[in-house]
Every structure is written in structure tokens, then in C-alpha cells.
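A closer look at the structure
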Amino acid sequence: MENNTLVDIVLYRTEDCGKVDKADGIYVATTLSNVTAPRTLSWRSFRVIH
């Protein structure tokens, strides 16, 4: 996942931006990226941070 937007985002592995196993989402700042590990679920939802 590459964030080429003008806002920061938080990625979640659930469809409703919920927590999985008590873990918060992954914060991805503007112009940065994050890679999903091969043995984990894909990113399924996101929240925009203003």
C-alpha cells in the first residue's frame, strides 16, 4: 500500500475499521508505504486522518 495522497491514513485488516486481536490499525503518513506480510490478512478498510 502506497500513500500518495495529501492526508495520512490508518489501515485495518477488517471491513469495518475494527481492531483484530486487540491491535490498532497501521498508520501510514503521506508519501510513505506499508507492505502486508505474506502470512497475514490483506488491508480491507482505511480511515483518513486530517
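See the structure above.
The notes below deal with the structure included here. Only a predicted model underlies this, so the values are computations on that prediction, with no experimental measurement involved.

Within strand E1 (residues 8-12), five of the five residues are buried, which leaves it mostly tucked inside the rest of the structure. Neither face of E1 is left uncovered, since the one carrying Asp-8, Val-10 and Tyr-12 and the one carrying Ile-9 and Leu-11 both have all their residues buried. Pairing between E1 and strand E3 (residues 45-49): five bridges, direction antiparallel. In the strand pairing of E3, Leu-11 is matched with Phe-46.

Once that is clear, we can look at the sheet that holds strand E2 (residues 26-28). A sheet is described by the order of its strands in space; here three strands give the open sequence E2-E1-E3, paired in antiparallel fashion. Edge positions in the sheet fall to E2 and E3, since each has one partner strand and no second. Strand after strand, the sheet turns through a mean of 25 degrees between neighbouring axes, direction not considered. The pairing of E1 with E2 spans three bridges and is antiparallel. By the bridge assignment, Val-10 is partnered in E2 with Tyr-27.

The rules we used
Residues numbered from 1 in each chain as written. Predicted model: local features only at pLDDT ≥ 70, side-chain atom pairs only at ≥ 80, totals over all residues. Heavy atoms only, no water. Buried < 20%, exposed > 50% of the residue type's maximum accessible area, 1.4 Å probe, protein only. Helix = DSSP H or I, 4+ residues; strand = E, 2+ residues; numbered from the N terminus. Pairing = 2+ DSSP bridges. Axes fitted to C-alpha atoms, helices over the stretch in contact; angles between N-to-C directions.

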